[in-house]
Amino acid sequence: MDEWTQTLGAGPLLGIALAAVVLILFLVIKVKLHALLVLIVVSLLTAVATGIPLGSIVDTLVDGFGSTLGSVALLIGLGAILGRLIESSGGAKAVADKMVEIFGEKRAAFALGLTSLILGFPIFFDAGLVVMLPIIFAVARRIGGQNLLLYGFSGAAAFSVMHVFVPPHPGPVSASEFFGANLGIVLLIGLAIVVPTWYVSGYLWAKFVNSKYPMIVPDLFGATDEDQPENPPSAGTVVAILALPLLLIFLNTGLTSLGTAGVVDTSQTWAQALILLGNSPIALLITALVALLVLGKFRGQNGTALEKLVDGTLGPVASVILITGAGGMFGGVLRTSGIGDALANTLSDLGMPVIFAAYVIAAALRVAQGSATVALVTTAGLLGPAVTTGGFNAVEVAAITLAAAAGSVFASHVNDSGFWLVGRLMGMDVKTTLKTWTVQQSIESVVGFVLVLIIYAIA
C-alpha cells in the first residue's frame, strides 16, 4: 500500500462514493438486507472500484472496522452495563422523578439538554452519549408517550456541539495548531456559539422531529421494570455515580490541555497515572465496577445474579457495536481511496475567501469520506499556510478555525460511524436516521458557521 498511488481524479472517486451510498440505501431500505452485511459488501465493492490493490483490500477493511471498534466497542459495552444497573436498581426512575419534580414535564427536555452541554465540556461525544442515555430514556419513559426524539436529540445534539466547537475536544484543538490560532480565543468563541447552536439545531429541532416521528423509548438498557425495588438508590447516589466518569475524564482532558500549554509536565508519573484513569474506557470501567458494588445491593443481587444481568445486557448492544464498526469500515475504504486529498486539491483552487473555503472544503470532505476529524485536519493542513501568512488578527484566525470545525460536522450519513451509533442506540432505522440525525447535523453545521461568520465580520 505504501507504494500504491491513486490514479483516479476527484470526479470519478466522487462518482464511485455516490454510487456506493445509493447502493447502501437501496439494499438497507428497499431490499431490507441487514445493515452489517450491506456495509461489508459495499465496502468490498468500493475498494475494488477505487483501485485499491487486491492484496491490500482485506487489510483495509479490517483496519477500518477495527479502528472504529477500538474507540466505541468498550464505551458502548461498559456504558450499557452501567445503564442496565441504573435501570434495574430503580436509580433511573429516581433521577427521572427528581428531574420532573424540579423542572416540570414541559421543561425536562430543555433541562436535559443544558445538563448535557455542561457534561459535554470534558467528555467526548460518544462517551457522553452512552453515559447520559439511561437518564434520558428514563425521563422520557417517566413522562410517557412517544417522545424519544424530543429527549434523545436534546441530549445528543448538546454533546455534538460541544465536541465540534469547544476545546479540549480533539477537533478544534488540532485545527488550532494547524491554523496557529490562540486556543483561549477559540475556547471563548466556541462557548459563545454552542448555546444558540444547540438551541436551534438541538432543542427546537428535537421538538419538531418528535412531532413528525413519534417513537417510543427502546429497551437498550432493559425494558421498563414495574417491579421496582423497595429501597431504590437516591437520585443523589445515581448522579454521583454518573459524575464519576466525567470527573475522571476531566482529569485526562484537563491535564492534557495544561500539558500542551506548558503549565504541567505530563511526562511525570503522577500525571501519566491520572491521564490513564481519565481515558474514556478506563473511566467507564471504574464506574461500572463501582455501580456493581453500589447499585447491585439495592436488589439484593450478588455473584451469579449480577453476572447474568451483565451478560444479558451485552447481547442487545452487540448489533449496535458491529454495525458501527462496519460504518467505520466503509468510511475507512473511502479515506484509503484518496478521495479526501483529491477533493481537497480540487476545492482549494476555487478562489473563495479563506473563511468560506474552510467551511466548504471541510463540509465537502465530511460528506465524501465520513470522518469529521479527517475533514477538519485535512482542511486545516491545506489552508494553514494561507491563514498563518494572511495577516489575520487573532479573532479572525479563531473564527476561521471554527468555520472549518462547523463544516466538518455537516450531513452525517452512512459513511460516518457516528450515524450508525446514534441511529442504533435510539432504535431508528436508516431512513428515519437520515431524516432526523443527518438533518440535525446539517443544521448544527450551518447555524454554527453563520454565528462564526458574524463574529468574523465584527472582528
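Attention here is on the structure that accompanies the text. (Residues numbered from 1 in each chain as written. Predicted model: local features only at pLDDT ≥ 70, side-chain atom pairs only at ≥ 80, totals over all residues. Heavy atoms only, no water.)

### A short note on the packing of helix H7 (residues 148-165) against helix H9 (residues 183-212)
We apply this condition: Comment: axis = line fitted to C-alpha atoms, over the contacting stretch for helices; angle = value between 0 and 180 degrees taken between N-to-C directions. The helix and strand labels rest on DSSP assignments: H or I over at least four residues marks a helix, E over at least two residues marks a strand, and numbering proceeds from the N terminus. In this scheme, roughly parallel covers angles under 35 degrees and roughly antiparallel covers those over 145, while 65 to 115 is roughly perpendicular and the rest are oblique. Note on convention: near helix rotated counterclockwise from far helix by under a right angle means a left-handed crossing. Clockwise means right-handed.
Contact geometry of H7 with H9 gives a least axis separation of 8 Å together with a crossing angle of 160 degrees. It follows that H7 is roughly antiparallel to H9 by the angle criterion. The hand of the H7/H9 crossing is right-handed.

### Points about the environment of Leu23
Basically, it comes down to this: Buried residues are those whose accessible area, probed at 1.4 Å on protein chains only, stays under 20% of the maximum for their type, while exposed residues exceed 50% and partly exposed ones sit between those limits. We call two residues in contact when some of their heavy atoms are within 4.5 Å.
Tracing the backbone through its elements, the reader meets Leu23 in helix H1 (residues 10-30). Judged by its relative accessible area of 30%, Leu23 falls in the partly exposed class. Each C-alpha atom, one on Leu23 and one on Ala261, is 47 Å from the other, the two residues being 238 residues apart in sequence. Excluding anything up to four places from it in sequence, Leu23 contacts Val42 and Leu45.

### Thoughts on the layout of surface pockets
To keep things clear, this is the line we draw: Method remark: on a 1 Å grid restricted to protein atoms, a set of points is classed as a cavity if a 1.4 Å probe fits but cannot get out and as a pocket if it is open with protein on both sides within 12 Å along at least five of seven lines; lining residues have an atom within 4 Å of a point. Grid points are joined across faces, edges and corners, and a volume is the space filled by probe spheres set on the points. Residue polarity is assigned by list, with Asp, Glu, Lys and Arg as charged and Ala, Val, Leu, Ile, Met, Phe, Trp, Tyr, Cys and Pro as nonpolar; anything else, Gly included, falls into the polar class.
Roughly 1,100 Å³ of internal volume is contained in the largest pocket. Taken together, 49 residues line the largest pocket, and the ones lying closest to its centre are Phe125, Asp126, His163, Pro170 and Thr373. Taken together, the residues of the lining of the largest pocket sort by class into 16 nonpolar, 28 polar and five charged. Each pocket or cavity is described by its volume, and for the second largest pocket that value is around 310 Å³.

### Examining the nonpolar core
Basically, it comes down to this: Residues belong to a common nonpolar core when they are buried Ala, Val, Leu, Ile, Met, Phe, Trp, Tyr or Cys residues joined through side-chain atoms within 4.5 Å.
Residues Tyr151 and Phe165 are the most contacted members of the largest nonpolar core, which totals 140 residues. No other element matches the 14 residues that helix H6 (residues 125-143) contributes to this core. For Phe165, the contacting residues outside a window of four places in its chain are Pro172, Val186, Gly190, Ile193, Val194, Thr197, Leu402, Ala405, Ala406, Glu444 and Gly448. Core analysis: the next-biggest nonpolar cluster, separate from the first, contains six residues, Ala47, Ile57, Leu61 and Met329 among them.

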